[in-house]
Amino acid sequence: MSKYNVAIVGATGAVGEELARVLEDLDFPVGELLPLASARSAGGQIEFKGKQCRIEELTETVFDGRDIDIAFFSAGGSISAKYAKHAVDAGAVVIDNTSHFRMDPNVPLVVPEVNPEDIALWREAGIIANPNCSTIQMVQLLKPLHDLYGIKRVDVSTYQAASGAGKEGMEELVREMEAFFKFKLDEYKPEAFAHQIALNVIPHIDVPQPNGYTKEEMKMIDETNKIMHSDFAVSATCVRVPVLRSHSESITITFGDDVTVDADKSREVLENFENVVVMDDIENNIYPMPITSTDTDLTYVGRIRKDLFSDNILHIWGVADQIRVGAATNSIRIAQKWIEQQEA
């Protein structure tokens, strides 16, 4: 198998660190690994396949002459905006984890289980965008159901883990819980979130928009139809919850007016979809939870049931590790499909 030289931009962040772990877990054919980060982190080391790799500073010229084949970007939209073009100009395909390129009409937005054919469009800009974490796990569940019945509308409420806000989010949750057990929570001032996250839920993720939705909610709405090449209605309410890792979603799916939903058939197509696991036996307390999906590369679904009042509505509950499935693993699956297309 051919080897590919890989760069990770944002190598010391939560997603960057996970990218290195998933590359190793999936035995990705890495030739040389180039970890890149800010000047503050340059000179440090990350471990990869039992070896220490020196972190270098991300600059406009760091890709020159390095023969990087694939550059994963996970250091924030402003960093991707500034540096992705330099990686492309140096000959790399960029797989970008930020929101910067997602809705660019010249950049494919890809979930490999859903729209792998779009990867072939990468040559237009030299970039493939990785969708929002909540969008990824949702469209993995929507795709087989859309193929089965034809979706008319989706309403989703998310229960998003603190790690969706990066290391700072996880650390804040832990510190607040520590403060709670020391009876000092009233002395703690939130920094990563607008409000206390411990023992609380916050129905506000990302920047409010003029239409009353937040930027996170609009990402789910806009990205879903780009990925699925569809035009059905989507409404999202995104909520931060005091969970360290893995996002959960309650999804209500409305199909065409002439559809009569069969929950067993819906369960069957979900069971047969790639990288989806059905856990749906409420009588025996079997259903997906954040602790189910954490540190896995699978999307779990349960609570599959037909609506009590409308024949064409189905309700499901989905959970996935948003750092892996929602970021690192999806990015690497994109790279794997890209390699398949290059070697075909």
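Up top is the structure.
Residues numbered from 1 in each chain as written. Predicted model: local features only at pLDDT ≥ 70, side-chain atom pairs only at ≥ 80, totals over all residues. Heavy atoms only, no water.

Novice: Help me understand the pattern of salt bridges, please; the structure alone is not making it clear to me.
Specialist: Between side chains of opposite charge, pairing is possible as soon as their charged atoms come close. Tallied over the entire structure, the rule returns 23 salt bridges. The partner of Glu-18 in a salt bridge is Arg-245, and the shortest N-O contact between them spans 3.2 Å. Highlighted residues: Glu-18 in helix H1 (residues 14–25) and Arg-245 in the loop between strand E10 (233–240) and strand E11 (247–255), separated in sequence by 227 residues. Both residues of the pair, Glu-18 and Arg-245, count as buried. Taken together, the salt bridges that share partners define one network made up of Glu-18, Arg-21, Asp-25, Arg-245, Asp-295, Asp-297, Asp-321 and Arg-324. (Salt bridge = Lys/Arg side-chain N within 4 Å of Asp/Glu carboxyl O. Helix = DSSP H or I, 4+ residues; strand = E, 2+ residues; numbered from the N terminus. Buried < 20%, exposed > 50% of the residue type's maximum accessible area, 1.4 Å probe, protein only.)

Novice: Explain the sheet that holds E10 here, please?
Specialist: Paired through their backbone hydrogen bonds, the strands of a sheet run either parallel or antiparallel. Strand order in the open sheet formed by 6 strands is E10-E9-E11-E14-E13-E12, with mixed pairing between adjacent strands. Because the sheet does not close on itself, it has two edges, and the strands there are E10 and strand E12 (276–278). Mean inter-strand twist for the sheet, computed between neighbouring axes without regard to direction, equals 20 degrees. Summarising the sheet, strand E9 (residues 151–160) and E11 pair through 8 bridges and their orientation is antiparallel. Across the sheet, residue Val-156 finds its bridge partner in E11, namely Ile-251. In the packing of helix H6 (residues 263–271) onto the sheet, the strands contacted are E12, strand E13 (299–306) and strand E14 (313–320), and the crossing angle to E13 comes to about 170 degrees. (Pairing = 2+ DSSP bridges. Axes fitted to C-alpha atoms, helices over the stretch in contact; angles between N-to-C directions. Contact = heavy atoms within 4.5 Å.)

Novice: I would appreciate a short explanation of the state of the cysteines in the present structure.
Specialist: Each disulfide is one covalent bond, formed between the sulfur atoms of two cysteines. As enumerated under the stated definition, the model contains 0 disulfides in all. Cys-133 forms no disulfide, and the closest cysteine sulfur to it belongs to Cys-238, at a distance of 8.9 Å. (Disulfide = S-S within 2.5 Å.)

Novice: Honestly, the packing of aromatic side chains in this entry has me stumped. Any pointers?
Specialist: Where two aromatic rings form a pair, the distance of their centres and the angle of their planes describe that pair. Scanning the entire structure with this criterion turns up 6 aromatic pairs. Ring centres 6.3 Å apart and planes at 70 degrees place the aromatic pair Tyr-4 and Trp-338 in the edge-to-face group. Here Trp-338 lies in helix H8 (residues 324–343) and Tyr-4 lies in strand E1 (residues 4–9), a separation of 334 residues in the sequence. For Tyr-4, a relative accessible area of 10% gives the class buried. One aromatic cluster is present, formed by Tyr-4, Trp-122 and Trp-338 through successive ring pairs. (Phe/Tyr/Trp six-rings, centres within 6.5 Å; stacked < 30°, edge-to-face > 60°.)

Novice: Explanation requested: H6 in the structure shown.
Specialist: The periodicity of an α-helix, 3.6 residues per turn, causes residues three or four positions apart to be oriented the same way. The set of residues buried in H6 consists of Ala-263, Ser-266, Arg-267, Val-269 and Leu-270. In an axial view of H6, the angular spread of the buried residues amounts to 165 degrees, which keeps them on one side of the axis. Elements that come into contact with the buried residues of H6 comprise helix H3 (133–149), E12, E13 and E14. Near the N-terminus of H6, the side chain that reaches the backbone nitrogen of Asp-264, with its oxygen 2.9 Å away, is that of Asp-262. (Arc of directions from axis to C-beta. Polar contact = N/O pair within 3.5 Å; in protein donor to acceptor, adjacent residues only side chain to side chain.)

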